[in-house]
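# Chains, contacts and geometry: an overview
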2 protein chains.
Amino acid sequence: MISSIAELISDRIGTMPAGERRAAQTLIANYPLTGLKTVAEFSAAAGVSSPTILRFVARLGFQNYPEFQSALQDELAAQLQSPASRTLDPSSGGAASPMLEATLDNMRETFRHLSDKQLADIAARLADRRGKTFLIGGRFTDPLARYMAAHLAIIQPDVYHLAGQESIWRDRLIDMGKRDVLVIFDIRRYQESLVRFAEKAHQRGVQIILFTDQWLSPISRFARHVIAGRTAVPSAWDSSAALFVVAETLIGAVTRQLEAAGAKRIRDLESLR
Amino acid sequence: MISSIAELISDRIGTMPAGERRAAQTLIANYPLTGLKTVAEFSAAAGVSSPTILRFVARLGFQNYPEFQSALQDELAAQLQSPASRTLDPSSGGAASPMLEATLDNMRETFRHLSDKQLADIAARLADRRGKTFLIGGRFTDPLARYMAAHLAIIQPDVYHLAGQESIWRDRLIDMGKRDVLVIFDIRRYQESLVRFAEKAHQRGVQIILFTDQWLSPISRFARHVIAGRTAVPSAWDSSAALFVVAETLIGAVTRQLEAAGAKRIRDLESLR
DNA sequence: AAAGCGCTGTATCGTATGTTACGTATTTTG
DNA sequence: CAAAATACGTAACATACGATACAGCGCTTT
């Protein structure tokens, strides 16, 4: 069974004429980048002419050059999204749990695409006390919304978790305006009810902060800030762990920003018990 | 110092207009593949027009689109040629977030003290369908109970999350017996109400599975299985992320064990929508 | 409430890219 | 050794791609 294009090439490289073989070798040499460049660049790198490159990809079974490039990109996408290809680091005791390893990878990847500044911006918005904060989640992610709401509600007023039936929180739209923030958690399979809700909130000028997966919920169209977490794990379910950690990080950042006001508020709450 | 284009983007994403921000988000979401495609494909993926994409790359400082693509390819080349740089480099990615590093450490430590056999035993008990499963959590951990309940309830019947006021779930004790399982989440500061509840359930012979922190909730006295997660992070709050990951791992394990029966159940549920 | 500014999309243009036809060189075979 | 077949490159072509000008719209500001 031949799965990757690289295998396909090394399989047929023996039957190729000299020029095409040079093309194959240069492609394998720094795979797959050369194949993503233009035909002219590819041919220059291989030291052959453009038609030779085209004959080369034709021999591999592709109808035209763009089709060949698309195949390379798909392959690269699969490779980049599943860090399984990454050599298992022997440091962590190795055969711990593939589930754990995947989760740790997801978190690293998620934060790699999340700059400190971006997190700071979002935290600043959440800490901005001129408006209210609403949180809501989907079928499996609503607990994350609850978790975040439970913490935020302690350090600042006007934090509301939207729970229950759709009709209930839809009516809460009337309370929302430009100064308010709506935090939405929505991963595959995206819920239409949430999309509708987000759209209406957006129309009212509400600032939306979206927690979603790397395939981006349609709500990203309306969102001011989008946090794309990795969710792929060797399980029947997707993992929300990366989003959970981002949420915790934000909770910490907001707490730090509100330290002055927040500390007093916490003390007041303590004395209420 | 800004080294990668991804950093450059997340650095300036705050100052971008809405359309360009959507472009930036879709690019970051599955970086860097979208940037290697044509302008038309990029714009379609982001849901904006072609000129917006071009304005986006112009704002990043590139003279034209091909130059932008070349930069992405160079970056990808460097990344592919040295795969060692991706795993655990304390230089660039390491200093990202001390919060993240602490969380990752917590998870590794948590799983280090958690044997495969122990996880398998707990999963087996959760998958045992002779009794009912109840889940409950504390002030901040109740969302974890909800999260776990949301998944377990799909693959098997008789899964109940205990919510609301104490008096409500206290009355549910009457439904609990020897064959039943009670999953409790309780971290500092431990809630008396939960301890009381756990004790009564224990007296009724209920099997208790406890998620707690490394200092062990007093409920551990009554628990059949104890999962001690690390919670220390550089924040004003404790982190429940490690417990969250254990919960997800268990969800996956239970799902696998119930695969035969569970798969049918999932299909039935799908057809109900 | 009105005016100005900035952002975004539509339509058009020039160009670089992939493609193909054809002639020459090189190898293979009788 | 000769002749044929295959391989390769040059050059011309058409397409599709990136770039740009312009108009409409929403938003902010006075």
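Keep in mind that this is a model prediction, so the values were computed, not measured.

## Side note on helix α5 (residues 50-59) of chain A
Residue and element names in this part refer to chain A. When α5 is considered as a whole, its buried residues turn out to be T52, I53, F56 and V57. Buried residues of α5 fall within an arc of 135 degrees about the axis and therefore sit on the same side. Among the residues trailing α5, G61 stands out with phi positive, at a value near 105 degrees.

## Re the protein's contact with DNA strand C
Neighbouring DNA strand C are 16 residues, the closest being V39, L54 and N64 of chain A together with G19 and T52 of chain B. Counting only the atoms of DNA strand C within 4 Å of the protein, the fraction contributed by sugar and phosphate is 61%. Counting residues per element, the ones that place at least two in the surface near DNA strand C are α4 (39-46), α5 and α6 (65-81) of chain A together with α2 (18-29) and α5 (50-59) of chain B. Looking at which element gives the most residues to the surface near DNA strand C, the answer is α5 of chain B, with three residues. Looking at the surface near DNA strand C residue by residue, the classes come out as 10 nonpolar, five polar and one charged.

## Some remarks on the side chain of S43 of chain B
Residue and element names in this part refer to chain B. When you line up the elements, S43 lands in helix α4 (residues 39-46). Its relative accessible area of 7% is what places S43 among the buried residues. When neighbours within four sequence positions are excluded, S43 is seen to be in contact with V48, S49, S50 and I53.

## Section: unusual backbone geometry
In this model, Y31 of chain B is joined to P32 of chain B through a cis peptide bond whose omega is -10 degrees. Along the chain, P32 of chain B turns up in the loop between α2 and α3 (33-36). Cis rather than trans, the peptide bond between R188 of chain B and R189 of chain B has omega equal to -15 degrees. Summarising the element assignment, R189 of chain B is placed in the loop between β3 (181-185) and α11 (192-203). Residues other than glycine seldom take positive phi values, yet L216 of chain A does so here, at roughly 60 degrees.

## As for helix α8 (residues 116-127) of chain A
Taking 1.5 Å per residue, 12 residues should reach 16 Å; α8 of chain A reaches 16 Å between its end C-alpha atoms and fits that length. Listed as buried for α8 of chain A are Q118, L119, I122, A123, L126 and A127 of chain A.

## Some points on the domain arrangement of chain A
For chain A, the assigned domains read domain 1 (5-81) and domain 2 (99-272). Its C-alpha centre places domain 1 of chain A at a distance of 44 Å from the equivalent point of domain 2 of chain A.

## Describing the interface of chain A and chain B
Taken together, the contact between chain A and chain B spans 69 residues of the former and 63 residues of the latter. Counting each side, the surface lost to burial between chain A and chain B is near 5,900 Å², with a carbon and sulfur contribution of 61%. Three residues, L33, L80 and W237 of chain A, lead the burial of chain A against chain B; their summed loss comes to 11% of the area buried on that side. Our enumeration of links across chain A and chain B arrives at zero salt bridges. Applying the counting rule to chain A against chain B returns 12 residue pairs in polar contact (both at pLDDT 80 or more). At the level of secondary structure, the elements contributing two or more residues to the side of chain A that touches chain B comprise α3 (33-36), α6, α7 (98-112), α8, α9 (142-155), β5 (225-229) and α12 (241-257) of chain A. Taken together, the residues of the side of chain A that touches chain B break down into 30 nonpolar, 20 polar and 19 charged.

## Quick look at the protein's contact with DNA strand D
Not every one of the 16 residues close to DNA strand D is listed here, only the nearest: G19 and T52 of chain A together with V39, L54 and N64 of chain B. Of everything in DNA strand D that lies within 4 Å of the protein, sugar and phosphate atoms constitute 65%. Within the contact set of DNA strand D, a phosphate oxygen lies 2.5 Å away from a backbone nitrogen or oxygen of G19 of chain A. Between DNA strand D and the protein, one listed contact pairs a phosphate oxygen with a backbone N or O atom of V39 of chain B at 2.8 Å. Looking at the surface near DNA strand D, the element that brings in the most residues is α5 of chain A, giving three residues. Taken together, the residues of the surface near DNA strand D sort by class into 10 nonpolar, five polar and one charged.

## Describing the sheet that holds strand β5 (residues 225-229) of chain B
All names here are of chain B. The strand order across the open sheet built from five strands is β2-β1-β3-β4-β5, with neighbouring strands paired in parallel fashion. Pairing within the sheet leaves two strands with one partner each, and these edge strands are β2 (159-161) and β5. Each adjacent strand pair in this sheet contributes to an overall mean axis angle of 15 degrees, direction not counted.

## Things to note about the sheet that holds strand β2 (residues 159-161) of chain A
Residues and elements named next belong to chain A. With respect to topology, five strands assemble into an open sheet ordered β2-β1-β3-β4-β5, the strand pairing being parallel. The sheet is open, and its two edges are formed by β2 and β5, each paired on a single side. On average, adjacent strands in this sheet sit at an angle of 15 degrees to one another, irrespective of strand direction. As paired elements, strand β3 (residues 181-185) and strand β4 (residues 207-213) share five bridges and run parallel to each other. Residue pairing for β4: F185 is matched across the bridge by F211. Across the sheet, α12 lies against β4 and β5, angled at about 145 degrees from β4, the strand it touches most.

## Some points on the pattern of salt bridges
All names here are of chain B. Per the counting criterion, the structure on display carries 23 salt bridges over all chains. Between D180 and K132 there is a salt bridge, and its shortest N-O distance comes to 3.6 Å. Taken as a pair, D180 in the loop between α10 (166-171) and β3 and K132 in the loop between α8 (116-127) and β1 (133-137) lie far apart in primary sequence, 48 residues in all. The class of D180 is buried, set by a relative accessible area of 4%. A salt bridge links E166 to R196, with the nearest nitrogen and oxygen atoms 3.0 Å apart. Of the two residues, E166 sits in helix α10 while R196 sits in helix α11, which places them 30 residues apart along the sequence. By relative accessible area, R196 is classed as partly exposed at 37%.

Conventions adopted
- Residues numbered from 1 in each chain as written.
- Chains lettered and ligands numbered in written order.
- Predicted model: local features only at pLDDT ≥ 70, side-chain atom pairs only at ≥ 80, totals over all residues.
- Heavy atoms only, no water.
- Buried < 20%, exposed > 50% of the residue type's maximum accessible area, 1.4 Å probe, protein only.
- Helix = DSSP H or I, 4+ residues; strand = E, 2+ residues; numbered from the N terminus.
- Arc of directions from axis to C-beta.
- Near = heavy atom within 4 Å.
- Nonpolar A, V, L, I, M, F, W, Y, C, P; charged D, E, K, R; others polar.
- Contact = heavy atoms within 4.5 Å.
- Expected span 1.5 Å × (residues − 1).
- Domains from an automatic or database assignment.
- Buried area = accessible area lost by both parts, 1.4 Å probe.
- Salt bridge = Lys/Arg side-chain N within 4 Å of Asp/Glu carboxyl O.
- Polar contact = N/O pair within 3.5 Å; in protein donor to acceptor, adjacent residues only side chain to side chain.
- Pairing = 2+ DSSP bridges.
- Axes fitted to C-alpha atoms, helices over the stretch in contact; angles between N-to-C directions.

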